[in-house]
Amino acid sequence: MTTASLRGGPEPTARAAVVSGAAPATRRVWWRTHTAQRHIFGYTLLAPAALYVILLVGAPFLFSLWLAVSDANVGDPVAHFVGLDNFRAAWEMDTFWIALRNSIVFLVVAAIFKSLLGTSLAFLLLQSFRGKKLIRGLVVIPFTLPIAISVLSWKWMYDSQFSVINWVLSRLGLIGTYGSESWPVWLGQPHLALAACIAVNVWRTFPFSAIVLLAGFTAVPLEVLDAAKVDGCSFFQRFRHIVTPMIFPILMIGFLFDTVFTLSDLSVVYLLTQGGPGNATKILPVLAYQIGIQAGNLGRGAAIAMMLVPLLFPAMFLVLRNLKRREW
Amino acid sequence: MTDVTTLNRRKFLSVAAGAGVAGGSLLTMLEARQAPAQIRGTTLRILQWSHFIPAYDAWFDNTYTKEWGDKNGVKVRVDHIPHLELPARMAAEYAAGAGHDIIMNGSSILTRLYYKSLADVSDIYGQGGKKHGGWIPSAGPLVEVEGKQYGIPMFYILLPMLYRKDLFDANGLKPPDTWELARVAARTLKPKGHPTGIQFSQCADANLNWRSLLFSFGGAEADPSGENILIDSKEMREALRFAKALFDEGMTPEVFSWDDASDNRFLASGVGCWIHDAISAYRTTEDTNPDVFKNTSIALEPAGPGGKRVSVSAANVYMIWKFSKNQPAAKEFLTHFMDSGKEGMVQSRGYNMPYLLADAQKPMPIIGADPKMQILQDFPKIVAFYGYPGPFTTPIQEVVNLFVLPDMFTRVARGQAVDDVVKWGAGEYRRIFSKHKRA
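Parameters at a glance
Residues numbered from 1 in each chain as written. Chains lettered and ligands numbered in written order. Predicted model: local features only at pLDDT ≥ 70, side-chain atom pairs only at ≥ 80, totals over all residues. Heavy atoms only, no water. Buried < 20%, exposed > 50% of the residue type's maximum accessible area, 1.4 Å probe, protein only. Helix = DSSP H or I, 4+ residues; strand = E, 2+ residues; numbered from the N terminus. Pairing = 2+ DSSP bridges. Axes fitted to C-alpha atoms, helices over the stretch in contact; angles between N-to-C directions. Contact = heavy atoms within 4.5 Å. Disulfide = S-S within 2.5 Å.

We now examine the pairing of strand S6 (residues 152-157) of chain B. Residue and element names in this part refer to chain B. Among the six residues that make up S6, six are buried, leaving the element largely enclosed by the rest of the structure. Sheet analysis places S6 next to strand S11 (residues 314-320), joined by five bridges and oriented antiparallel. When the sheet's bridge partners are listed, Phe155 is paired in S11 with Asn316.

See the structure below:
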């Protein structure tokens, strides 16, 4: 018996074994370390968002991708892989190219007007005046109204016979009377119809742009703007060189949301014209809905809807790359 | 064995009376349609459109289904959605494999698209036909696939000519019995502030109206098999030229923006000299402008140059999902509902037209009693649906949903050359048909 054993401790060799055996025990409880716990906590907090993205964005996207390369049909439980046939069928369609062109025109024109109107409104709302809170509440009404109700109201305002817009213009002497050549048929003339649809989209969503910009403007420190004023900067110089760079990340996120909302907006066109007259207002989401759901060709409808991805991808890429650069 | 020799008069009478009572009871039972006990305590869910005559929905939801449900111990739930949303809802229910037991199709009849997922209702279709004197000929192609019926046609909606008799009389015009007479009337009355109008736009009425004109001109989209395209024809060109002349002489550009209700308002406003629309326009005018209503008459579908009349109508069909867990109750309900065609006509104020020949006998309820509407009783002989003279196939369905035919008429009205338009339209038809053949 050794001294160590007499003292009640293990033999030195045994103690070495115990010590060496303790290493695996330490590895087993790695999650108790501070770093591990931080990671676990972080990932646990992220998990709902990740699950949300995987289940509600990733899975439907992959499913759409599968539909686009299959002959899926609403009434047939079995679908077969058909490669790029659905995309080829879309490209062969006269209507597809019209819808693509209209979608791009819709997006660009709406974006220009929303930027102009949104910025102007945001600046107006920055000013101090009586009833400012009430006005701020009122301007978001178009954005918050159920789309079906607001678009149906517009449909009445654009009515070929009872249009309140036309009657006002007529009373002001700017156009002729009902039935005359100069009486505009808002939803019946190709260019006017597309413009009318864009106008409703702009009316609905420019308050959103304004609110996003307003949030950015209020975050700009007044001292910086005052200093620029003292240095002799004009309003536009201040806007270009101080405000815009400072709110750039917010602008980019707003731009991204707006692009996605506008390109995927089915309701305005569908409720106003269903894509008519003669496809003059047909946009890709409406065409995809008509072919995929109403005509039952899920595969071809999905292929047309997937064409929105290449349109959205450059915008997303540019925005996210810009934001990432600014982070560094 | 009964000894015939011992059958005296008293016995004979008592046996005969007994047989009569038993037979009468059986007939009464059959008449009363005792529902199978297995459906008692179940729930039946029905999805259908919001009817253009709200009183019909009130009757259907609160009286008809309630009484049937109480009698058979079935809880009936009826949901209504706008008719244009029915295809999307049908697709959603199919994908989920759950939803309503009975689903209605309005105008766009999707039998051929979904038949693999629909219950075979050939038995009750056959019984209904036998009981009510058969079906009108155009009913079968709506629901028949590979010799079986997958739906019950319940009623259709006519689009007759509604014209201002006072204006016609004042200008010495004949009633619009032919398309040519309708054109002459429009040409005469437009300069006097009373143009006409048919939708040159992408809406359901445009699909129906221009097909009525084309088919009455002797044209067709496909042959009776539904397989071969017939759109590139002399008749198609004639119909397009006629439509262009009708537009130039008798309409204003507002027709390019019209939806299904615009022509209703056009007539009710007192401006329109005639429209080709469902009688909801007539009813709307009755409610909103009694003076115009008083002077509005209804005419038969105008005849084409060869005297042919084809009235393309909006079909309505009820179907039962194969996944429905309550198919017995659904079939029982539809069997009973087929017996209520006449009541449906009353409740819809003459809007619902019957597919069953016994219900189509003169005088029909409501329309048979109204001197102005009596003419509608002659429509069952000339009524047709999408795909005429063939079935409503899936390629035709895509053609309808993409508004190819109204777009052809629109292009011509806007000034494109007829031959170019026919070339474009035939190309669209070929592309759609060939896609479906490939699939």
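Backbone hydrogen bonds are what pair the strands of a sheet, in a parallel or an antiparallel way. Residue and element names in this part refer to chain B. Ordered by their spatial adjacency, five strands build an open sheet running S2-S1-S3-S11-S6, and the pairing between neighbours is mixed. In this open sheet, the two strands that pair with only one neighbour each are strand S2 (75-81) and S6. When the angles between neighbouring strand axes are averaged without regard to direction, this sheet yields 15 degrees. Pairing between strand S1 (residues 43-49) and S2: seven bridges, direction parallel. Among the inter-strand pairings, Thr43 is bridged to a residue of S2, identified as Lys75. Where helix H2 (residues 54-72) meets the sheet, it contacts S1, S2 and S6, and its direction lies at approximately 160 degrees from that of S2.

Enumeration over the complete set of coordinates arrives at zero disulfides over all chains. There is no disulfide at Cys273 of chain B, and the cysteine sulfur nearest it, in Cys203 of chain B, is 19 Å away.

Before going further, it helps to spend a moment on unusual backbone geometry. Residue and element names in this part refer to chain B. Each neighbour pair has its own omega, and for Lys362 with Pro363 the value is -5 degrees, a cis peptide bond. Summarising the element assignment, Pro363 is placed in the loop between helix H15 (341-347) and strand S12 (383-384). The omega torsion across Tyr388 and Pro389 is 5 degrees, close enough to zero to call that bond cis. By the element assignment, Pro389 lies in the loop between S12 and helix H16 (394-401).

Just geometry here; none of it tells us what the structure is for.
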